[in-house]
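Each chain, written out:
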Amino acid sequence: MIESVATPKNATPKSKAQPSQSANQSANQPANQPANQSANQPANQSGEQRSGPEQAAPTSQGWMTPQARSTTEQKASEFRRVLEQHRGERQLVALQDFPDPDALSCAWAYKLIAQQYDIRCDIVYAGALSHQENIALVRLTNLPAQRWSPQVLREKDFSVYQGCVYVDNQGTTTQFQSITQQARIPLVVVIDHHTAQGELNAEFIDLRPQVRATATILTQYLQSGLIKFDTNNSEHVKCATALMHGLRSDTNRLMQAQEEDFLAAAYLSRFYDTQLLNSVLQASRSKRVMDVIERSLRNRMLQNNFSIAGVGYLRYDDRDAIPQAADFLVTEENVHTAVVYGIVHDEDDDLEVVIGSLRTSKITLDPDEFIKEAFGQDAQGRFFGGGRSMAGGFEIPMGFLSGFNEASDYTRMKWEVFDAQIKQKLLRLVNPDDDILT
Ligand SMILES: [Mn+2]
C-alpha cells in the first residue's frame, strides 16, 4: 500500500484548496472549490420550500437533458423490474482490478440502490488501490469495497452469490470475470460508459459510451427516484461525495464534462460534502510514485507530438504511477498524446504484466481505437486494452517470460525486449509513413 494518504491533520476543515490531482487526470491546476461553499449547508432546501416529495420528483427530473431523461426513464423502469426479480439475493459487484473513483463510487451507489430490494452486495476488486486519492477516498468515506487477494480468491466460496454486477467495466478488466463464469454466477447488471468490449450476456445492460462518467449515469438513476438521498444520512452524503469525485475525476475536473455531466454534478451538489472531497483531493503522492514520474520524464521520447516513455519495473502497489506519469507528460508543450508503460511485478503471485496508459488532448484521436490498433488481440481474440474519451490503458501478460530472475543482466535484457517491442508497435501508428519509406 502507498503510505502517503491524507492524514487526519490534512483533513481539518480549515485546510484550503490545494492543486488537485484527480485520480486519472492531469494535476497542474487548482481545484477551484468555491471558498464560500460549506459542507454543512448542502444546497438542498427543497424540504422547506416545497411541499412534499411528489413535487420534488419533477424538480429532480428537471436536472437532466431531455435525451438523458428519456433514456433514464426507460432504463430506470427496466432496472427496477430486474432488481425486483432478484429481491433478497446476494450479489458480487466486481470492480476492475485497479478501481478508479468512478468505479468505486458507482459500485457504492449501486449497493445502496440494491439494498432497497433487500439485495446484499459485496463490492470487490482483485488488484490494488494504487492511487493515493483512491486510498484516501476509501478510507475517508468508509467506502465498502474489499480487496480479495489471489489467495482469498482461491479459497472463497462463490456459491453464496446469485448474481454478478459490473459497474464502470464490462468484465474485461477484472479477474472476477473468469472466476464468476467458472462458478456459473449469472451476470445480472452491467452499467458502464466505456465502448462495448464484446458480447455481453447480462439481464440488464446500460451502456452509454457518449457519457463521460458512469457516475453521471448512476446520478441520473438517483434523480429518477431509484433511491432518495437524504442530507441527514451520512452514508448518502459520503456516497454523493464519492460520486462527485468520480464524476470530476473522469471528466478532468469537469473540463471535459458535457451538459448531462454538469447537470448530474449540480444534482450531487445538494448532498455532497465539499470538505470531505477536499481532503480526498489533498492526498499526497508517495516517493515511489514520484520516482516513476521522474523516470517517465527522463526516458520520454518525443515524436510527432507524441510522448512515449517506458519506466521499467515497478511494484504492484505503485501501478497507478503509470497513468499519473501519462497525465503529467501530456501537459508538455507541443505534445498531444502521452503513452507511459512499465512492467508491474506482483510479489504475491510472482506474476509480471506490462501495463500502459495513454492520455490525449487530441480530439480526433480515439484512445480505444488507437490501443486496439497498436497492440491487437491475444490468442483468444481479446484486445489488450481499450479506452474512453481522452484516455486509455492496456495490459499485456508476459506469459512464459513472466517472473523474477536474480540475474540483473537477464532482468535488464527482458525490459529492453519489451520496451523495444512496445515502441515499435506504437511508432507504427505515430509515424504511419515510415512503413512506406523503408
Ligand atoms: Mn469511468
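What comes next is a walk through the structure. Predicted model, so just to flag it, every value in this text is computed and none were measured.

Criteria and thresholds
Residues numbered from 1 in each chain as written. Predicted model: local features only at pLDDT ≥ 70, side-chain atom pairs only at ≥ 80, totals over all residues. Core = buried A, V, L, I, M, F, W, Y, C linked by C-beta atoms within 7 Å. Buried ≥ 20, exposed ≤ 12 C-beta atoms within 10 Å, placed from the backbone. Contact = placed C-beta atoms within 7 Å. Pairing = 2+ DSSP bridges. Helix = DSSP H or I, 4+ residues; strand = E, 2+ residues; numbered from the N terminus. Axes fitted to C-alpha atoms, helices over the stretch in contact; angles between N-to-C directions. Expected span 1.5 Å × (residues − 1).

## Focus on the nonpolar core
Here is step 1: Val-93, Leu-104, Ala-107, Ala-109, Tyr-110 and Leu-243 are the most contacted members of the largest nonpolar core, which has 76 residues in total.
Here is step 2: In this structure Leu-104 touches Leu-95, Pro-99, Asn-134, Leu-137, Val-138, Leu-143, Ala-145, Ala-242 and Gly-246, once residues within four positions along its chain are discounted.
Here is step 3: Residues Val-292, Val-330, Tyr-341 and Leu-358 belong to the second largest nonpolar core, which totals 34 residues.

## Digging into the sheet that holds strand E5 (residues 187-192)
Here is step 1: With parallel pairing, six strands are arranged side by side in an open sheet as E3-E2-E1-E4-E5-E6. Bordering the open sheet on either side are strand E3 (145-147) and strand E6 (204-207), each of which pairs with just one other strand. On average, each strand axis in the sheet is tilted by 25° relative to the strand beside it, whichever way the strands run.
Here is step 2: As paired elements, strand E2 (residues 120-125) and E3 share three bridges and run parallel to each other. Looking at the pairing, Ile-123 lines up with Ala-145 of E3.

## Focus on unusual backbone geometry
Here is step 1: Phi angles above zero are rare outside glycine, and Arg-253 is one such case at about 55°.
Here is step 2: Its place among the elements puts Arg-253 in the loop between helix H9 (234-250) and helix H10 (259-268).
Here is step 3: Positive phi, normally seen in glycine, also occurs at Leu-254, with a value near 75°.
Here is step 4: Among the secondary structure elements, Leu-254 is positioned in the loop between H9 and H10.

## Examining the environment of Pro-101
Here is step 1: Take Pro-101: it is sitting in helix H4 (residues 101-115).
Here is step 2: For Pro-101, a count of 29 C-beta atoms within 10 Å gives the class buried.
Here is step 3: The sequence separation of Pro-101 and His-245 amounts to 144 residues, and the corresponding C-alpha distance is 6.5 Å.

## Topic: the sheet that holds strand E12 (residues 391-397)
Whenever strands of a sheet pair, they do so through backbone hydrogen bonds, lying parallel or antiparallel.
Here is step 1: Read across the open sheet, the six strands follow the order E7-E8-E9-E10-E12-E11; overall the sheet is mixed. Each end of this open sheet is capped by a strand with a single partner; those strands are strand E7 (301-303) and strand E11 (385-388). Between one strand axis and the next, the sheet turns by 15° as a mean value, whatever way the strands run.
Here is step 2: Bridge count between E7 and strand E8 (residues 306-315): three bridges; the pairing is antiparallel. The partner of Leu-302 across the bridge, within E8, is Ser-307.
Here is step 3: Against the sheet, helix H14 (residues 367-375) contacts strand E10 (351-360), E11 and E12, and its axis sits at roughly 165° relative to E11.
Here is step 4: Contacts from helix H15 (residues 408-430) reach E7, E8, strand E9 (337-346) and E10 within the one sheet, and its direction differs from that of E8 by about 155°.

## Observations concerning H4
Here is step 1: Taking 1.5 Å of rise per residue, the 15 residues of H4 would be expected to cover 21 Å, and the 21 Å separating its terminal C-alpha atoms lies within 8% of that figure.
Here is step 2: Of all the 15 residues making up H4, 14 are buried; the element is thus mostly covered by neighbouring parts of the structure.

None of this, on its own, says anything about what the molecule does.
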